[in-house]
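What the coordinates show
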Protein chains: 2
Amino acid sequence: MSKLEQTISFIKPVNPVFYEKAQSRLDNLTKPQGSLGRLEEFAARVVAINENIKPALNKKAIFTFAGDHGVAEEGVSAFPKEVTPQMVLNFLRGGAGINVLARHSGAEVVVVDIGVDYEFGNVKGLCHRKVIRGTTNIRKGPAMSMDEAIKCMEVGIELADEYAKKGYHIFGTGEMGIANTTPSSAIAAVFSKRTVEEVTGKGTGINDDTFKNKVRVIEDAIKINKPNQKDPLDVLAKLGGAEIAGIAGLILGAAANRIPVVIDGFISTAGALLAYELCHTVRDYMFAAHTSVERGHWIMLEKMDLKPILNLNMRLGEGTGAALGISLIEAGVKIYNEMATFGDAGVSERKDESEACPCRL
Amino acid sequence: MSKLEQTISFIKPVNPVFYEKAQSRLDNLTKPQGSLGRLEEFAARVVAINENIKPALNKKAIFTFAGDHGVAEEGVSAFPKEVTPQMVLNFLRGGAGINVLARHSGAEVVVVDIGVDYEFGNVKGLCHRKVIRGTTNIRKGPAMSMDEAIKCMEVGIELADEYAKKGYHIFGTGEMGIANTTPSSAIAAVFSKRTVEEVTGKGTGINDDTFKNKVRVIEDAIKINKPNQKDPLDVLAKLGGAEIAGIAGLILGAAANRIPVVIDGFISTAGALLAYELCHTVRDYMFAAHTSVERGHWIMLEKMDLKPILNLNMRLGEGTGAALGISLIEAGVKIYNEMATFGDAGVSERKDESEACPCRL
């Protein structure tokens, strides 16, 4: 059995008994039942995922996978391709959006070169896991070989295993790769059976002509490669990218290790959808950090029945949404762990406990 | 001139030049322009409010005003009236929802007895500013005298002045008061000209019969007191509460001191609406933390053209939403202060800078 198959075989549905245990504690805290809304949901989910009624979220890691895309040569992005390695170096110096927001949330950023078309040498702080030097142009053929696609997923799995062993409590996903909304839209179109136009947005900010070209490029990529919607690995290998595969692997690895994983924006959600198509049960372990302005994002979230935590019109990627989402999930877990119960605090309960609360979650 | 009049006279519209200065820095950070969405908006607003292009948000305070309501005797709440002082003591011990979330956001909680019907003695940590021992039952007459209403507002103003002098950078509002969604719905109905039913929700969790009774009680209170919609102080004195007045005063004081103020949920928003009716310019200084499940909340936010930051189905009050909102505003300010520019980081800019970004905020 391959590492990928083995990981999938380890993923089990979350035990509903733990939701009940968590909700029973939440209901006894000094607040009207259900009045902390989704914060309570986050806490109950973390308890159930960990199977631990005293959950901790102290050690947090956001994995920012970087990869290049041959399709960038089709003029689908507002930025030139060299920005991918430049931004990787910016991440390592701590000056990017993800660095700022991860610090704000107390999370570590793990920057992974999984497929950048640049030789970083021995640069310090980078997690060197390069599988390919960029995908090939998907308008002309498959992004990568099946073997490469599986290797990329296994990089994600290995990182999940490694950070689980190191005692991390929650993961976030992130990415960097000029042109990577293009393969993400292609993946979204294939799995959602929507038209390319319905799931394609303006990425980092392109004008109408470039947008029309992007839609055509994605339509061509699907026509030429004929990805088999029933075979997620075929879809991944044909449409790529390395970082999307790494994210999918990380999510599978998180679920196999019973660790909650917070999905960032559009590209991360394409990776999440790949993981979900391989194993629907991963849904139990995922949190959707936010809904970005990319049009296909909402469609993919709906397909997985994931309700985003935030809606702040963000469209940066890198893991920036995941960083903010992690902080709100942690807020929920702190409520669960730190609030006083009615008994502790000597606070009177509702007048009539037999009267079921209609606002109860 | 009274303290209230003087404070209102100090409130000036925010200078748009500072938005432009802030946006110009934001546009030069290593990210596509506008790609951090509302985080950028938060940063630009804080810069403009402070008139400071190097804003800090280190010192944060959430003011949780507590008051009782004579109308509780009409059976409008799921909880007995003694819960107000019990929860105040819970706040002082650090065991309530607001304590947990304020710690999470690095904010201090200032618990203010402005109108609780209980003698706290010299209990430590409480901010003793009691003006009344609860309002009178608004189904039978005015909540308080005009003099008391103004005194309550001035408590809020004085606290804003005091914490501005102490060097605090941002304020949040919060409250505790059994039955206080009832006066809040009454205030919302008067200013929005909606029916009572349209702006009334189920508070801490009441059943359908209690809800129908609550609507009747509010309708009666408006009929009997005949508040003058054009005179916000008349509305406040007749429908009350002390904590709602304190919140309105705090907001006016924040604006007069050029300090951003984050409005919590339904009851805080009733206070914000009173401040807004007294002086529309306060809007420039307010952030709406979230939209709660209370039906009238959204209607009041729309009236002030405030877009909530979060939507997490919360309905606890205390300042819990404000605590989470403050953390996201701080995230925006950190982006502004800490991210590298394209120049610093040696990252290439867009291919064609003359091509206006269609996704630009």
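Our subject is the structure that appears above.
Below you will find a few notes about this structure. (Residues numbered from 1 in each chain as written. Chains lettered and ligands numbered in written order. Predicted model: local features only at pLDDT ≥ 70, side-chain atom pairs only at ≥ 80, totals over all residues. Heavy atoms only, no water.)

In this structure, the largest pocket spans a volume of roughly 350 Å³. Ile309(A), Leu310(A), Asn311(A), Leu310(B) and Asn311(B) are, among the 18 residues lining the largest pocket, the residues nearest its centre. Looking at the lining of the largest pocket residue by residue, the classes come out as 8 nonpolar, 6 polar and 4 charged. One number sums up the size of the second largest pocket: a volume of about 160 Å³. The wall of the second largest pocket is formed by 13 residues, among which Glu41(A), Arg45(A), Arg283(A), Asp305(A) and Leu306(A) lie closest to the centre. When residues of the lining of the second largest pocket are traced back to their parent elements, those giving at least two are α3 (37–50) and β6 (286–288) of chain A. Residue composition of the lining of the second largest pocket, by class: 6 nonpolar, no polar and 7 charged. (1 Å grid on protein atoms, 1.4 Å probe; cavity = no way out; pocket = protein on both sides within 12 Å on 5 of 7 lines; lining within 4 Å. Points joined across faces, edges and corners; volume = space filled by probe spheres on them. Nonpolar A, V, L, I, M, F, W, Y, C, P; charged D, E, K, R; others polar. Helix = DSSP H or I, 4+ residues; strand = E, 2+ residues; numbered from the N terminus.)

A separate point is the sheet that holds strand β6 (residues 286–288) of chain B. Residues and elements named next belong to chain B. Read from one edge to the other, the open sheet built from 6 strands follows the order β3-β2-β1-β4-β5-β6, with strand pairing classed as parallel. On the outer flanks of this sheet lie β3 (127–128) and β6, each paired with one strand and no other. Across 2 bridges, strand β4 (residues 170–176) lies against strand β5 (residues 261–263) in parallel orientation. When the bridges of β5 are listed, Phe 171 appears paired with Val 261. Across the sheet, helix α11 (residues 266–278) lies against β4, β5 and β6, angled at about 120 degrees from β4, the strand it touches most. (Pairing = 2+ DSSP bridges. Contact = heavy atoms within 4.5 Å. Axes fitted to C-alpha atoms, helices over the stretch in contact; angles between N-to-C directions.)

Residue and element names in this part refer to chain A. Overall, parallel pairing links the 6 strands, which are arranged β3-β2-β1-β4-β5-β6 in an open sheet. The sheet is open, and its two edges are formed by β3 (127–128) and β6, each paired on a single side. Both strand β2 (residues 108–115) and β3 contribute to a ladder of 2 bridges, which runs parallel. Counterpart to Asp 113 in the pairing with β3 is His 128. Packing of helix α4 (residues 83–93) onto the sheet brings it into contact with β1 (60–67), β2 and β4 (170–176), and relative to β4 it is tilted by some 140 degrees. Set on the sheet, helix α11 (residues 266–278) makes contact with β4, β5 (261–263) and β6; between it and β4 the angle comes to about 120 degrees.

A few words on the interface of chain A and chain B. It is common to report an interface's size as the accessible area lost on association of the parts. Listed by partner, the interface residues are 67 residues for chain A and 67 residues for chain B. Across the chain A to chain B interface the summed buried area is about 5,500 Å²; carbon plus sulfur atoms make up 61%. Where chain A meets chain B, there are 2 salt bridges. When the shortest N-O distance is used, the salt bridge between Glu338(A) and Arg103(B) registers 2.9 Å. On inspection of chain A and its partner chain B, the count reaches 20 residue pairs in polar contact (both at pLDDT 80 or more). (Buried area = accessible area lost by both parts, 1.4 Å probe. Salt bridge = Lys/Arg side-chain N within 4 Å of Asp/Glu carboxyl O. Polar contact = N/O pair within 3.5 Å; in protein donor to acceptor, adjacent residues only side chain to side chain.)

This part covers the relation of the copies chain A and chain B. Mapping chain A onto chain B calls for a screw motion: a turn of 180 degrees about the axis and a shift of 0.0 Å along it, with 0.0 Å RMSD after fitting. One copy is carried onto the other by what is essentially a two-fold rotation axis. Relative to the rotation axis, the closest C-alpha in chain A is found at Leu310(A), a distance of 3.3 Å. (Least-squares fit on C-alpha atoms with pLDDT ≥ 70 in both.)

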